[in-house]
Amino acid sequence: MSTKALITGVTGMVGSHLADFLLANTNWDVYGVCRWRSPLDNVDHLLERANQKNRLFFEYADLNDEMSLIKIIRTIRPDYVFHLAAQSYPLTSFTAPIDTLNTNILGTCRLLEAIHLQMTEDASYHPVIHVCASSEVFGKIPKEKKPETGIHEECPFHPASPYAISKVGTDLLGRYYAEAYDMMVMTTRMFTHTGPRRGDVFHESTFAKQIAMIEKGLISPVVKVGNLKSLRTYADVRDAVRAYYMLVTVSPIAGAYYNIGGSHTCEVGDTLHTLLSYSPMKDEIKIETDPERLRPIDADLQVPDCRKFKAHTGWEPQISFETTMHDLLDYWRERLSRGNNFLTR
């Protein structure tokens, strides 16, 4: 019988790259959870494979519908569960806090409870589960309190948005189910990770999209920005999904929680200037602050200490920051070359 992996949020940036990784590097069957209204842009290259049912299957379920989750776990009985689905945009969470909390906290609870129910019904069922929290749980750490080695796992939570609060709940639920029900659940706090297929509501992706639109003559040569002084450590999404695979396959520990992040740290403004340096129009493009892109509170010192995860798995980031930014900009150039229309956000 083949090994089965279930990915919630398979149509997102990370979920789609994880599906790519598992299909290329394992012999597992991959089941992607999506809603009927989920956009399929990120998995367009996989649709023919799914149509052929060649180790890839798209299944309907919704984190806000408990019965759909119970059914999918009972039917598939996945060996590995990667829980990536979420309302994942911090700025949106300020205007949609209830939806964010419901989807991210209660949705995670519904999924874990569905797995727990299946384990109760079938004593032989013991899946390995990855619950994806976020570095945003650490929130706004004062500069004087930031550890010299970066934010480690035991730093206190100080969430700075409803999204971050929801991910605190997600994080704690994962550990609770591991401890209370002897489930093999592990939680990650991935710091900024990006690359092709990154949503245009995130800073580095909206920068890249605006630059690509300027190059095509679709908008005036002005890049609109939020807080450029925020400090971020970047990882490539393709390194991130390799980390998630290693998390569940390298001596997994029930209840473990890890910080994971890249090796390149800079201010958001430096990221913008890196992207601009790749454009033939760099000398013509101006930068303008857009108040609507500013958060009420910003988690502005996102620098991780990843020694715990690296020591346990041997994982190291392999893709350079420059390659990631090149690929992100080329991703938007390619999408625009198809003649699609996009919001100027």
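Residues numbered from 1 in each chain as written. Predicted model: local features only at pLDDT ≥ 70, side-chain atom pairs only at ≥ 80, totals over all residues. Heavy atoms only, no water.

1. Observations regarding empty space enclosed by the protein
Just so we agree on the cut-off: Here a cavity means grid points, on a 1 Å grid over the protein atoms only, where a 1.4 Å probe fits yet cannot get out; a pocket means an open set of points with protein on both sides within 12 Å along at least five of seven lines; lining residues are those with an atom within 4 Å of a point. Grid points are joined across faces, edges and corners, and a volume is the space filled by probe spheres set on the points. Note on conventions: DSSP H or I runs of at least 4 residues are helices, E runs of at least 2 residues are strands, and numbering of each starts at the N terminus. For this classification, the nonpolar set comprises Ala, Val, Leu, Ile, Met, Phe, Trp, Tyr, Cys and Pro, the charged set comprises Asp, Glu, Lys and Arg, and every other residue, Gly included, is treated as polar.
Tallying each qualifying case throughout the model produces 1 cavity of 30 Å³ or more. Of the volumes computed, that of the largest cavity is approximately 70 Å³. Lining the largest cavity are 14 residues, with Y234, A235, D236, I319 and F321 sitting closest to its centre. Elements with a minimum of two residues in the lining of the largest cavity: β9 (231-236) and α11 (321-337). Among the residues making up the lining of the largest cavity, the classes are represented as 6 nonpolar, 6 polar and 2 charged.

2. Considering the pattern of salt bridges
The following threshold applies: What makes a salt bridge here is a side-chain nitrogen of Lys or Arg within 4 Å of a carboxyl oxygen of Asp or Glu, nothing more. Only protein chains enter the accessibility calculation, which uses a 1.4 Å probe; a residue whose area is less than 20% of its type maximum is buried, one above 50% is exposed, and one in between is partly exposed.
Scanning all chains against the criterion turns up 19 salt bridges. Of the charged contacts, one joins D171 and R175 as a salt bridge, the two residues approaching to 2.8 Å between their closest N and O atoms. One end of the pair, D171, and the other, R175, are both in helix α6 (residues 162-181), 4 residues apart, so they sit about a helical turn from each other. When its relative accessible area of 0% is taken as the criterion, D171 is described as buried. Across the pair D200 and K209 runs a salt bridge, and its minimum N-O distance is 2.8 Å. According to the relative accessible area criterion, D200 is buried, its value standing at 10%. One connected set of salt bridges, linked through shared partners, spans D171, R175 and R189.

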